[in-house]
Amino acid sequence: MYKKLRSYLKHHEHSRLSHIQVPGDGLPPKQSKQWIDIHEPVEIEDKLLERNEGHFGQAEGAFTEGELGSIPFDGSGRLADDIIRGRQAPPVDEVIQTFLEELKRPASVTTIPNELTIDEVIGKFQNWKESTSTSPFTKRHLGHYHCLLRLMGQERPDDEPDESITKAKAIFQAHYSILAHAVKHGRSLKRWQKVANFMIEKEPGNPKIHRLRVIHLYEADYNLLLAIFWARKLVHSAEDSGAFNQHCYGGRPGMSAIEPVFLEELQVSLAYLSRTNLAVFHNDATSCYDRIVIALANLIARRYGMSQEVCSIHGETLAKMKYFVSTALGISEGSYCNTTMTPVHGTGQGSCASPPVWLQICSVLFDCHEQLSTGAEFFAPDRQTVVDNSMAGYVDDTKCITNDMNQTHPHTVDELVATMQEDTQIWGDLLYTSGGALEIPKCNFYIMHWQFDESGLPRLDAKLDTTIQLKNGDRTESVSLRNDSVTQAHKTLGCWKSARRDQKRQEIALRERSDTYARTIMSSAVNRRDNWTAYYAIYQTGMTFVLPTSYFEKKNLDRIEMKAVAATLTKGGYVSKFPRKVAFGPQEFGGLGMRMLWTEQLVLQVKLLIKHLRCPSDHQKMLQMNLAWAQLGTGMGYPILEYPDTNIPHLECAWFASIRNGLTLVDGSIEMTTTYVVPKQRVSDQHLMDGICESKMFTKTEIRKINACRLYLQVTLVSDISTTWTKDSSMLLPGK
């Protein structure tokens, strides 16, 4: 069923490569304007082999040359041992020296035993989708292992011995014994030392040679070892010991791509609430998995507790690996391999070790950046809760951040830009040290700099025009980057965000996605059952990903989903104008059980809020600080989330305002043990803004001006401006 739905809804998915385009004007692919189609199999093979050999040999940096470059693929040797133990390293510059110091194994990390149990092997195979492509040369793909496990699963204690089950157990035991022996003694099997580079188009219909994606197809049992030891044992061991930098989110249990987006949302909201200047630079690492230096990968794995035997398997296999290319025309006869003259780096996409390896490298780089950079500091109004942050990211999408919250006087734009440039250059240098590089065309930055109009209301400077200069790792080239306006939306991890908190671009993207789904589902031949499956499994999943950190109004989300809901009802056997109250009503009361996007937004927002308020992390501290600043900034005498139906037009946090609106519509509230309400100083005292908002005498703009005046005077209560009330507490005494 899902295969059929995919053919209807995702018919533009990547297909196998049958021809390629190469530059016809002699220029590099990124600069070429003329392209030549190549259909000849032999020529395609030659061009792709040449392209891949160059692509996987582009890593540069400290670990590809000199003394550090002499460390073997398995991360062993005297120099590697000295680095892991924190002994004297070769004299290098400050960035590399800091990086080497961070490679010392922390005392909390313990060595992971080089032992493999049969239950671990069975568990991984059972959870591995049989449709995953593996073993292109031996043809021992996952179906063979699944077939053995199915036969073994049919065994019953009381049944007579079955010959097929007995043979299946013996065959699987033989497979396990080979793997266990290899792990115990650190041996790489010869059949593991071939890999097919599966070539697909990044953009469907664009076979330009520099726009191709390479997927490594390894032997199934070799990739299984990588999954067990890197993705399971090493990652969970490092999590338990607290060895990972907490601002690395990719590849960690319980983390998702929405976490760094939410963190940036909280940081931007805090800049609004505290009126502090902020600069954010979004980085993108080019071909991060393909530029991993294998020796460094295994050295860092040892730092996190991986045994030398398992690192030897990983290093020896990749050192002796032969790389073939796979297209719609088959697997090539020619290949390339790692040599002294043409080194081949990268674990590549398709390796179960790639995500955890990049997580380990990124975590060490983040630790280094925190030491070398200025970064940003955020704190609560009472300064009891403080968060320092210089980097955050998910896999290759990272960001540098700096602010002036801890400064006595606000930074000028030039000071903010200079700090941001220095911090970003440090990150570029660290990335170069590890073998990586910045993808400059995908990088961007914005500056939040506050100005105040004549009435005292704050506004962001939308006309800032400034640049930063970045140099490459070996200082042979430099590039200039101009800042994005605070009104310009940027895409980060699938979400469109702008410092102005304008969601127009995100609304356009969601509406295009929704309308495309509506057109596709209406023109497809899906039956009623498949229609409802597609609605819940594909439409809802795709549309709700960005909603936890969004703050759309109900009318906007209703407009976004209008065509998709009508199409789903029509294909489901109902008229397109079927009553929406019944369509979205619960099934136990006769409704269809469809889910409105605005209710999904509220549910996801509240889940995200509660999750991070309950789990100790920087997200928890940032949420607490936002609540404290929002409570102080509004000056209200009650918790703003506990009483969402009250009018607070001067609340500066758009995310909290959205939650309040949603809670009001469902007659809900959120109670917290800590309210952050400024306590009254005496009997009959009152909060100034309570009276202002309840009086209904002022417009929204007037309330904002009054609140700006209150914040300037640093007053919250009546007792802050007077010591005398009338007996009935209705007014101040004259002259007091």
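Values in this document were obtained by computation on a predicted structure and should not be read as measured data.

(A) Quick peek at the overall build of the protein. Tallying secondary structure elements over the protein gives 22 helices and 19 strands in all. Its C-alpha atoms give the protein a radius of gyration of 30 Å, within 12% of the compact-globule value 27 Å for 736 residues. Taking the principal axes of the C-alpha coordinates as reference, the protein spans close to 95 × 70 × 65 Å. The buried share of the protein, taken over its 736 residues, is 52%. A sequence separation of at least 24 residues applies to 72% of the contacts in the protein between residues at least 6 apart. Approximately 34,500 Å² of the protein is accessible, and the part contributed by carbon and sulfur atoms is 51%. Averaging the positions of the 82 positive and the 86 negative side-chain charges in the protein gives two centres separated by 5 Å.

(B) Up close: the packing of helix α10 (residues 294–303) against helix α12 (residues 354–372). Two elements in contact, α10 and α12, have axes separated by 9 Å at closest approach and are oriented at 75°. It follows from the interaxial angle that α10 and α12 lie roughly perpendicular. Residues Ala297, Ile300, Ala301 and Arg303 of α10 lie in contact with α12, whose contacting residues are Val357, Gln360, Ile361, Val364 and Asp367.

(C) Molecular detail of the packing of aromatic side chains. Tallied over the entire structure, the rule returns 21 aromatic pairs. Between phenylalanine 137 and phenylalanine 324, the aromatic rings sit 5.1 Å apart at their centres with planes inclined by 55°, giving tilted as the arrangement. Of the two residues, phenylalanine 137 sits in the loop between α5 (118–126) and α6 (142–153) while phenylalanine 324 sits in strand β6 (residues 322–327), which places them 187 residues apart along the sequence. Taking relative accessible area as the criterion, phenylalanine 137 reaches 27% and is therefore assigned partly exposed. One aromatic cluster is present, formed by Tyr517, Trp532, Tyr535, Tyr536, Tyr539, Tyr574 and Phe578 through successive ring pairs. Of note, arginine 303 hangs over the ring of tyrosine 304, and the distance from its end group to the ring centre comes to 4.8 Å. Sitting above the plane of the tryptophan 496 ring, arginine 505 keeps its charged end 4.1 Å from the centroid.

(D) Spotlight on empty space enclosed by the protein. Per the stated rule, a full pass over the model turns up six cavities of 30 Å³ or more. Within this model, the largest cavity holds a volume of roughly 80 Å³. For the largest cavity, the full set of lining residues is Val261, Glu264, Glu265, Val268, Tyr446, His490, Thr492, Lys497, Ser498, Ala499, Arg501 and Tyr551. For the lining of the largest cavity, the element with the highest residue contribution is helix α9 (residues 258–274), accounting for four residues. Here the lining of the largest cavity is composed, by residue class, of five nonpolar, three polar and four charged. Taken together, Leu627, Gln631, Pro639, Ile640, Leu641, Glu642, Ile670, Met672, Thr675 and Tyr676 make up the lining of the second largest cavity.

(E) Quick look at a negative patch on the surface. Taken together, the side chains of Glu40, Glu43, Asp46 and Glu50 present a region of like negative charge at the surface. For glutamate 43, the location among the structural elements is in helix α2 (residues 41–55). Note on glutamate 43: relative accessible area 37%, which makes it partly exposed.

(F) Geometry of the sheet that holds strand β12 (residues 397–403). Spatially, β11-β12-β5-β13 is the arrangement adopted by the four strands of the open sheet, whose pairing is antiparallel. Two strands lie at the open edges of the sheet, namely β11 (391–394) and β13 (444–448), each paired on one side alone. The average undirected angle you get between the axes of adjacent strands in this sheet is 15°. When strand β5 (residues 278–284) meets β12, the two strands line up antiparallel, connected through seven bridges. Paired with phenylalanine 281 across the strands is cysteine 400, a residue of β12. On top of the sheet, α12 reaches β11 and β12; it is set at about 160° to β11, its chief contact. Taken strand by strand, helix α13 (residues 413–433) contacts β5, β11, β12 and β13, and its axis lies near 145° from that of β12.

(G) Fine view of helix α11 (residues 308–319). The end-to-end C-alpha separation of α11 is 16 Å, in line with the 16 Å expected for twelve residues at 1.5 Å each. Of all the positions in α11, only Val310, Cys311, Ser312, Ile313, His314, Gly315, Thr317 and Leu318 are classed as buried. Against α7 (163–185), α8 (220–241), α10 and β6 lie the buried residues of α11.

(H) View of the environment of leucine 717. Secondary-structure assignment places leucine 717 in the segment after α22 (700–713). As for leucine 717 and methionine 689, which are separated by 28 residues in sequence, their C-alpha atoms are 8.4 Å apart. Sequence-distant contacts of leucine 717, defined by excluding residues within four places in its chain, comprise Val678, Pro679, Lys680, Gln681, Asp685, Gln686, His687 and Leu688.

(I) Summary view of the environment of glutamine 193. You can see glutamine 193 is positioned in the loop between α7 and β3 (194–201). Judged by its relative accessible area of 11%, glutamine 193 is buried. In this structure the C-alpha to C-alpha distance between glutamine 193 and tyrosine 222, which are 29 residues apart in sequence, comes to 9.5 Å. Setting aside residues up to four positions removed in sequence, glutamine 193 forms contacts with Ser188, Glu316, Thr317, Lys320, Met321 and Lys322.

(J) Looking closely at the state of the cysteines. For the structure shown, the criterion picks out zero disulfides. Looking at cysteine 400, it has no disulfide partner, and the nearest cysteine sulfur is the one in cysteine 443, 9.2 Å off.

(K) Examining the pairing of β3 more closely. β3 sits mainly inside the fold: six of its eight residues count as buried. Judged from the five bridges that link them, β3 and β6 form a sheet pairing that is parallel. Among the inter-strand pairings, valine 195 is bridged to a residue of β6, identified as tyrosine 323. In the sheet, β3 pairs with strand β4 (residues 212–217) via six bridges, with the strands oriented antiparallel. By the bridge assignment for β4, asparagine 197 is matched with histidine 216.

(L) Spatial organisation of unusual backbone geometry. A positive phi is found at arginine 501, a non-glycine position, where the angle reads about 65°. On the secondary structure map, arginine 501 appears in the loop between β19 (495–497) and α14 (504–523). For arginine 501, a relative accessible area of 17% translates into the label buried. Of note, glutamine 714 is a non-glycine position whose phi angle comes to about 60°, a positive value. Mapped onto the fold, glutamine 714 is located in the segment after α22. Taking the relative accessible area as the measure of exposure, glutamine 714 reaches 70% and is therefore exposed.

About the cut-offs
Every chain begins its residue count from 1, and numbering advances along the sequence as written. In keeping with the predicted nature of the model, local features appear solely for residues at pLDDT of at least 70, side-chain atom pairs appear and are counted solely at 80 or more, and the whole-chain, interface and lining totals rest on all residues. Side-chain measures here rest on the full set of heavy atoms in the structure, leaving out hydrogens and waters. The helix and strand labels rest on DSSP assignments: H or I over at least four residues marks a helix, E over at least two residues marks a strand, and numbering proceeds from the N terminus. In this setup the radius of gyration rests on C-alpha atoms only. A globule is expected at 2.2 Å times the number of residues raised to 0.38. Under the scheme applied here, a residue whose accessible area is under 20% of the maximum for its type counts as buried, over 50% as exposed, and between as partly exposed, the area being computed with a 1.4 Å probe on protein chains only. Between two residues, a contact is recorded if the distance between any of their heavy atoms is within 4.5 Å. To be clear on the numbers: accessible area is Shrake-Rupley with a 1.4 Å probe, and residue cover counts the displayed protein chains and nothing else. Here Asp and Glu are counted as negative and Lys and Arg as positive; His is not counted, and neither are the chain ends. By convention, the charge on Lys lies at NZ, on Arg at CZ, on Asp at CG and on Glu at CD. For helices, the axis comes from a line fit to the C-alpha atoms of the stretch in contact; other axes are also lines fit to C-alpha atoms, and the angle between any two N-to-C directions lies between 0 and 180 degrees. Relative orientations are named as follows: roughly parallel for angles under 35 degrees, roughly antiparallel for angles over 145 degrees, roughly perpendicular for angles from 65 to 115 degrees, and oblique for any other angle. Ring pairs are drawn from Phe, Tyr and Trp, using the six-membered ring of Trp, whenever the two centres fall within 6.5 Å, and their geometry is named by plane angle: stacked under 30 degrees, edge-to-face over 60, tilted for the rest. Whether a charge sits over a ring depends on NZ of Lys or CZ of Arg being within 6 Å of the ring centre and within 35 degrees of the ring normal. With a 1 Å grid laid over protein atoms only, a set of points is called a cavity when a 1.4 Å probe fits there but cannot get out and a pocket when it is open yet has protein on both sides within 12 Å along at least five of seven lines; lining residues have an atom within 4 Å of a point. Grid points are joined across faces, edges and corners, and a volume is the space filled by probe spheres set on the points. Throughout this entry, Asp, Glu, Lys and Arg are counted as charged residues, while Ala, Val, Leu, Ile, Met, Phe, Trp, Tyr, Cys and Pro are counted as nonpolar. The remaining residues, Gly among them, count as polar. Like charges are joined within 9 Å and nonpolar side chains (Val, Leu, Ile, Met, Phe, Trp, Tyr) within 5 Å, but only among residues with over 30% relative accessible area and no salt bridge; these make up the patches. Throughout this description, the term salt bridge denotes a Lys or Arg side-chain nitrogen within 4 Å of a carboxyl oxygen of Asp or Glu. Two strands pair under a simple rule: DSSP has to find at least two bridges between them. What a helix is expected to span follows from its residue count: subtract one and scale by 1.5 Å. Cysteine sulfur atoms are paired as a disulfide whenever they come within 2.5 Å of each other.

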